[in-house]
Amino acid sequence: SFMLLMVLLLLTKAEKRKSFIFLLNAACLLTNTIRCLLFCSWATGNFYDPYTVLASDRGRLTRGDYATFITVNVFSIIVTALVFMSLSLQVWIVCVTTPPLQRSIIMGTTTVMACVAFGYRVVAVYWNTKLTLENTGADSILQMISISYILQSASIWVFSCVFTYKLGHAIIQRRRLNMPQFGPMQIVFIMGCQTMFIPGTFAHANLSIDI
């Protein structure tokens, strides 16, 4: 996330750095970088210390350990919200030229899916935090957590479908206009297909196994 943030800052033209979509994407990468660093600190702290895990004794946990855990959860909600905001804005941009009815259907479907996925994410984070602070196992909410990840993955997949379809449609139109050169649009289309279908297949398979 940090390397992508550096690439975004260095390669974006100066006149585009004031756009809302640039600020959203930069905020996504920055907050996710912070979340990942905090998560590493939490995962290597007292929560997963061999004695704590094997003896099921949380007496060694400090207020700082709990604070880090809560902060990681808060940042996960912030990252999810920023990602869905960015995706929704990008869908709106690529659908500007589509007929009003199609645009309304696409925006309505993606917005509803994003809201449902975000709602499940917030509820799962809330109960996970509550049970952890009460020193209670999270086994009772494992299915809820799995569903929240599945909904989040499915929502992002739907957004990716819209992007990839619009890119493919634009490429076909360019070929009809006798502009078949291989450029950035084709590269983004190919990478979009690869990153949407190949990792998504394994992700859904793993999530199904977890449930």
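Residue numbers restart at each chain and count upward from 1, following the sequence in its written direction. Given that the model is predicted, a residue must reach a pLDDT of at least 70 before its local features are reported, and side-chain atom pairs must reach 80 or more before they are shown or counted; all residues, however, enter totals for whole chains, interfaces and linings. Neither water nor hydrogens contribute to the side-chain values; these are computed over all heavy atoms in the structure.

### A closer look at the overall build of the protein
So, point 1. Per the secondary structure count, the protein includes seven helices and zero strands.
So, point 2. Each of the 211 residues in the protein was classed as buried or not, and the buried ones make up 31%.
So, point 3. Contacts are assigned to residue pairs that have any heavy atoms within 4.5 Å of one another. Of all intrachain contacts in the protein linking residues separated by at least 6 positions in sequence, the fraction that spans at least 24 positions is 66%.
So, point 4. Note on areas: Shrake-Rupley with a 1.4 Å probe; residue coverage comes only from the protein chains shown. Accessible area for the protein stands at about 13300 Å²; split by element, carbon and sulfur atoms hold 70% of it. Secondary structure follows DSSP: runs of H or I at least 4 residues long count as helices, runs of E at least 2 residues long count as strands, and numbering of each begins at the N terminus. The classification of residues rests on relative accessible area computed with a 1.4 Å probe and restricted to protein chains. Under 20% of the type maximum is buried, over 50% is exposed, and intermediate values are partly exposed.

### Details of the nonpolar core
So, point 1. As used in this record, nonpolar core signifies buried Ala, Val, Leu, Ile, Met, Phe, Trp, Tyr and Cys residues forming a set joined through side-chain atoms within 4.5 Å. With ten residues, the main nonpolar core is built from Phe-84, Leu-87, Val-91, Cys-95, Met-107, Ala-114, Ala-117, Phe-159, Val-162 and Phe-163.
So, point 2. In this view, Phe-159 contacts Phe-84, Leu-87, Ser-88, Val-91, Thr-110 and Ala-114; residues no more than four positions away in its chain are not counted.
So, point 3. Judged by nonpolar contacts, the second largest core, of five residues, contains Trp-42, Phe-47, Leu-61 and Tyr-66.

### Considering the packing of aromatic side chains
So, point 1. For Phe, Tyr and Trp, rings pair up if their centres lie within 6.5 Å, where Trp contributes its six-membered ring, and each pair is then called stacked (planes under 30 degrees apart), edge-to-face (over 60) or tilted (otherwise). A complete count under the given rule lists four aromatic pairs for this structure.
So, point 2. Following the ring pairs from residue to residue traces out a cluster consisting of Phe-39, Trp-42 and Phe-69.

### Digging into the side chain of Thr-132
So, point 1. Within the secondary structure, Thr-132 sits in helix H5 (residues 100-133).
So, point 2. For Thr-132, a relative accessible area of 8% translates into the label buried.
So, point 3. Residues within four places of Thr-132 in sequence aside, it is in contact with Phe-47, Arg-58, Tyr-66 and Phe-69.

### What about H5?
So, point 1. Here the expected length of a helix is defined as 1.5 Å per residue gap, with one fewer gap than residues. With 34 residues, H5 should reach 50 Å at 1.5 Å per residue; the first-to-last C-alpha distance of 48 Å fits that figure.
So, point 2. Among the residues of H5, those classed as buried are Arg-103, Met-107, Thr-110, Ala-114, Ala-117, Arg-121, Ala-124, Val-125, Asn-128, Thr-129, Leu-131 and Thr-132.
So, point 3. Where H5 terminates, the next one or two residues include Asn-135, which has phi positive at roughly 55 degrees.

### Quick word on the packing of helix H2 (residues 20-43) against helix H4 (residues 63-94)
So, point 1. Packing of H2 against H4 brings their axes to within 8 Å, and their N-to-C directions diverge by 155 degrees. The orientation of H2 with respect to H4, classified from their angle, is roughly antiparallel. Considering the relative orientation of H2 and H4, their crossing is left-handed.
So, point 2. Class assignment of the residues belonging to the contact of H2 with H4 gives a composition of 18 nonpolar, nine polar and two charged. Here an axis means a line fitted to C-alpha atoms, over the contact stretch when the element is a helix, while the angle between two N-to-C directions is reported on a 0 to 180 degree scale. Angular relationships are summarised with four words: roughly parallel below 35 degrees, roughly antiparallel beyond 145, roughly perpendicular across 65 to 115, and oblique for the angles in between. In this scheme the crossing of two helices becomes right-handed for a clockwise turn of the near helix relative to the far one and left-handed for an anticlockwise turn of less than a right angle. As a working rule, the residues Ala, Val, Leu, Ile, Met, Phe, Trp, Tyr, Cys and Pro are called nonpolar, Asp, Glu, Lys and Arg charged, and the rest polar, with Gly in that last group.

### Some words on the environment of Ser-140
So, point 1. You can see Ser-140 is positioned in the loop between H5 and helix H6 (142-176).
So, point 2. Given the relative accessible area of 64%, Ser-140 is considered exposed.
So, point 3. For the pair Ser-140 and Trp-127, spaced 13 residues apart in sequence, the C-alpha to C-alpha distance is 9.7 Å.

### What about the packing of H4 against H5?
A pair of packed helices can be characterised by two numbers: the angle between their axes and the separation between those axes.
So, point 1. For the pair H4 and H5, the least separation of the axes is 10 Å and the interaxial angle reads 180 degrees. The orientation of H4 relative to H5 falls into the category roughly antiparallel.
So, point 2. Classifying every residue of the contact of H4 with H5 by side-chain character gives 16 nonpolar, eight polar and two charged.

### Overview of the confidence of the model for the protein
So, point 1. Each residue carries a pLDDT value, the predictor's own confidence for that position, ranging from 0 to 100. Put simply, the protein has an average pLDDT of 79, and 82% of its residues get 70 or more.
So, point 2. H2 holds the highest mean pLDDT among the elements of the protein, 90, whereas helix H7 (residues 184-210) holds the lowest, 51.
So, point 3. Scored below 50 in pLDDT, residues 202-211 shows seven contacts in the model against residues more than four places distant or in partner chains.

### Some details on the pattern of salt bridges
So, point 1. Here, a salt bridge means any side-chain nitrogen of Lys or Arg that lies within 4 Å of a carboxyl oxygen of Asp or Glu. Following the criterion strictly, the structure yields one salt bridge and no others.
So, point 2. A salt bridge links Glu-134 to Lys-130; its shortest N-O distance comes to 3.2 Å.
So, point 3. Classification of Lys-130 by relative accessible area gives partly exposed; the value is 30%.

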